[in-house]
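A look at the structure
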Amino acid sequence: MCGIIGYVGPRQSQDILLAGLSRLEYRGYDSAGIAVIDGDGGLGMRKRAGKLAVLRDDLASTPLADGTTGIGHTRWATHGGPTDANAHPHLADDDKLAVIHNGIIENFAELKSELVGEGVAFHSETDTEVAAAMIGREYVRTGDLVAAFRAVVSRLEGAYTLLAMHEDHPGLVVGARRNSPLVIGLGEGENFLGSDVAAFVEHTRKALAIGQDEIVAITPEGVEVTDFSGAPVEVEAFEVTWDASAAEKGGWSSFMAKEVSEEPEAVANTIRGRIHEGRVEIPELDGMDAFLADIDRILVIACGTAAYAGMVGKYALETWTRVPVDVELAHEFRYRDPVLSPRTLVVSISQSGETMDTLMAVKYARSRGAKTLSICNTQGATIPRESDAIVYTHAGPEVAVASTKAFVAQITAIYLLALHVGRVRGAVDPVVAVEAVTELEAVPGKIARVLETEQARIEQLAHWMADTRSVLFLGRNVGYPIALEGALKLKELAYIHAEGFAAGELKHGPIALIEPGQPVFVVVPSPRGSAEMHKKVVSNIEEIRARGARVIAIAEEGDAAVLPAADEVLRIPLAAPMFEPLLAVVPLHIFAMGLAEAKGLDVDQPRNLAKSVTVE
Ligand code: M6R
């Protein structure tokens, strides 16, 4: 749950580290720190509890001595609360060695008592300081930082990325990873390490992905990667497809506001290059036809918003592939005894590609003989690297903790996957497939219209509702996961009670929650799809209205049936029913953001949450 950066090269490292940390802050933001080897070969370190701005201000008033080798860390506390002492870096070998860490070292207590027995004193409650002390102890024996890493990593259990530097070796940063991300950025006469490419994309778009259980040493001249036993390994090179400006706020009040505005683009970019003469052909799946033609089950695993994208995807996958589909929360899947076979396709969905619950579920599915396909938004991330196939979403970097543009891109990718697999299996009528493609291609323009015509009104509504203490969301069929997503966003951003229900479930219990003034958002299906379903949802609205609910309906343009029943109607453009989720979710994203802003809350970094949940 932390962000990590390392730099070696000719430039002063402090600014590079701070800029990289500000792009990594979405990974954790309860404390931050940097260490730099200065021109005289001394190691300077500063770390502060609080957001990165606290460290930045501190360094501005009392800067560290300049230096061209450095490491930086932005933390999300796991072992030990967010204090100055627990912030990273942690020092060892008489403060000559600095270490930063992402992850959890599960056997740290046992290792710590061994070190305490040897007389080592600790200054924090972290597991990281234990790793630092162990690396320091090994370094003292050999004077070789890479060898010290090699000796220590085999004793650490759990998940970790570790970076270290020692004042005896200016121009060298060493890193290791197990179950936690680390990528290399290749510059001209300078090199970088980062939790993800956002750390260094401002300086280079050339990157190398470090594999599981590998150690890397970077110097200004080069990069060496070995496995934990010291054998050299081949690393996979890739080009980052977005630039630094894509990760900047660019004049918006928040990253979330910017990212909601990018929802049309996220869908358009995810479609790009995957439709040829009206047919969906995903180039990344070339060579998989025989397998896809033979699958007898699809299981979608994900967490949070990504799981809701999976729930929407189930409707499309079953309709267009005629293969049975289950959707399961990754952390639930992981600890049961599932029935999987080599004919099962397990599709994971993850924006970050680093969610530990999803990663572990993917590994578990593979160990049980299933083939895995990752839908992911982050190049070089761990989940795609651990999967048999990858379909990237191209939403661009998502920085705000609340997932928005990645959600619409995930639904887009799963629809593309459904049409691709349906074509390969001959399960989807080619005319139906062409109509679906036409609908999908029209989605970006329709989302843009929702933003244009409804955003200001929704923000106003959110402002009026700033004191609301509870909001309910109802949806049916593909609208049901959208109701869940609307509720999750509101909890996450505005810290108020919010629940999503399947509209048909109302009479089985939730209707008891309705009392005068209770706001309820209802996602209304198009009357042009199933007239029956539309009628039922309109009756649901009437039922709750009769009990005093304040109904805010999200309905397609021209649907007059909702007018007498609803207090407010937010309009979305006409679309085939399968594509409505991509439009209906937009007002809900705007509403949650608007309500949080009206309450004066930090919409980009809500309390208690991190963007990427890299612990189980
Ligand atoms: O990076 P991932 O897509 O794997 O993240 C999964 C969830 O943690 C994430 O969607 C979370 O629910 C969001 N903060 C919701 O807005």
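Residues numbered from 1 in each chain as written. Predicted model: local features only at pLDDT ≥ 70, side-chain atom pairs only at ≥ 80, totals over all residues. Heavy atoms only, no water.

Keep this limit in mind: UniProt positions are given in the numbering used here, feature names are shortened, and annotations may be inferred rather than shown by experiment.
For the protein, an unreviewed UniProt entry supplies the name Glutamine--fructose-6-phosphate aminotransferase [isomerizing] and the organism Microbacterium enclense. Turning to the protein, the UniProt annotation filed under Function (unreviewed entry) states: "Catalyzes the first step in hexosamine metabolism, converting fructose-6P into glucosamine-6P using glutamine as a nitrogen source." Within the UniProt record for the protein, the comment given under Subcellular location (unreviewed entry) is "Cytoplasm".

**Side note on the overall build of the protein**
Put simply, the rule reads: For helices the rule is a DSSP run of H or I covering at least 4 residues; for strands it is a run of E covering at least 2, with both sets numbered from the N terminus onward. To get the radius of gyration, use the C-alpha atoms; to get the globule rule, take the number of residues to the power 0.38 and multiply by 2.2 Å. Buried residues are those whose accessible area, probed at 1.4 Å on protein chains only, stays under 20% of the maximum for their type, while exposed residues exceed 50% and partly exposed ones sit between those limits. A contact between two residues is defined here by any heavy atoms of the two lying within 4.5 Å. Methods summary: accessible areas were calculated by the Shrake-Rupley approach with a probe of 1.4 Å, and residue burial reflects only the protein chains presented. In this tally Asp and Glu are treated as negative and Lys and Arg as positive; neither His nor the chain ends contributes. Charge placement uses NZ in Lys and CZ in Arg. For Asp and Glu, CG and CD serve respectively.
On a plain count of helices and strands, the protein comes out with 17 helices and 26 strands. A globule of 616 residues ought to have a C-alpha radius of gyration of about 25 Å, and the protein, at 25 Å, matches this closely. Overall size of the protein, expressed as C-alpha extent along the three principal axes, is 75 × 55 × 45 Å. Split into buried and exposed, the 616 residues of the protein put 61% on the buried side. Summarising the internal contacts of the protein: among those between residues at least 6 apart in sequence, 71% fall at separations of at least 24. For the protein, the exposed area adds up to about 22,000 Å²; of that, 50% sits on carbon and sulfur atoms. Distance between charge centres in the protein, computed from 56 positive and 85 negative side chains, equals 5 Å.

**Topic: the packing of aromatic side chains**
What counts is decided by this rule: Note on aromatic contacts: the rings of Phe and Tyr and the six-membered ring of Trp form a pair at centre separations within 6.5 Å, being stacked when their planes are under 30 degrees apart, edge-to-face when over 60 apart, and tilted otherwise. Ring-over charges, as used throughout, are those where CZ of Arg or NZ of Lys falls within 6 Å of the ring centre and within 35 degrees of the ring normal.
Enumeration over the complete set of coordinates arrives at eight aromatic pairs. A connected cluster of aromatic rings, assembled from ring pairs, spans Y7, F192 and F200. The aromatic ring of Y495 is capped on one face by R607, whose charged end is 3.9 Å from the ring centroid.

**Section: the site of the ligand**
The criterion, for reference: We call a residue near a molecule or strand whenever a single non-hydrogen atom of that residue lies within 4 Å of it. By the criterion applied in these results, polar contacts are pairs of N or O atoms within 3.5 Å in which, for protein atoms, one can donate a hydrogen and the other can accept it, and in which residues neighboring in sequence qualify only through two side-chain atoms. In the scheme used here, Gly and all other residues not listed as nonpolar or charged are polar, with Ala, Val, Leu, Ile, Met, Phe, Trp, Tyr, Cys and Pro taken as nonpolar and Asp, Glu, Lys and Arg as charged. Domain delimitation in this document rests on an assignment produced automatically or drawn from a domain database.
As a structural note, the neighbourhood of the ligand is formed by 14 residues, with S350, Q351, S352, T355 and E492 the closest of them. Taking V401, its main chain carries an N or O atom lying 3.1 Å from a nitrogen atom of the ligand. If the ligand stood free it would expose 420 Å²; the protein chains cover 91% of that surface. Mapped onto the shell around the ligand, the elements with two or more residues apiece are α9 (304-321) and α15 (479-494). Here the shell around the ligand is built from residues that sort into five nonpolar, seven polar and two charged. Taken domain by domain, the makeup of the shell around the ligand includes at least three residues from each of domain 2 (249-428) and domain 3 (450-608).

**Description of the packing of helix α13 (residues 405-425) against helix α14 (residues 430-464)**
So the rule is basically this: For helices, the axis comes from a line fit to the C-alpha atoms of the stretch in contact; other axes are also lines fit to C-alpha atoms, and the angle between any two N-to-C directions lies between 0 and 180 degrees. Small angles under 35 degrees read as roughly parallel and large ones over 145 as roughly antiparallel, with 65 to 115 read as roughly perpendicular and the rest as oblique. Each crossing gets its hand from how the near helix is turned against the far one by less than a right angle, where anticlockwise is left-handed and clockwise is right-handed.
At a closest axis distance of 11 Å, the pairing of α13 and α14 adopts a crossing angle of 165°. Relative to α14, the element α13 lies roughly antiparallel. Seen along the crossing, α13 lies across α14 with a hand that is left-handed. The segment α13 lies against α14, with T412, Y415, L416 and L419 engaging A433, A436, V437 and L440. Split into classes, the residues belonging to the contact of α13 with α14 amount to seven nonpolar, one polar and no charged.

**Structural notes on the domain arrangement of the protein**
Test applied: In short, buried area is how much 1.4 Å probe accessible area vanishes from two parts on joining, totalled over both. Salt bridges are defined by distance alone: a side-chain nitrogen of Lys or Arg within 4 Å of a carboxyl oxygen of Asp or Glu.
With domains assigned, the protein is organised as domain 1 (3-246), domain 2 (249-428) and domain 3 (450-608). If you average the C-alpha positions of domain 1 and of domain 3, the two centres end up 44 Å apart. If you look at the interface, domain 1 gives four residues, while domain 3 gives four residues. Between domain 1 and domain 3 lies a buried interface of about 350 Å² when both sides are counted; carbon and sulfur atoms form 37% of it. The three residues of domain 1 that bury the most area against domain 3 are Y29, K51 and W76, which together make up 88% of that side's buried surface. Joining domain 1 to domain 3, the criterion identifies one salt bridge. Of the charged contacts, one joins K51 and D602 as a salt bridge, the two residues approaching to 2.6 Å between their closest N and O atoms. Residue classes in the side of domain 1 that touches domain 3 are distributed as two nonpolar, no polar and two charged.

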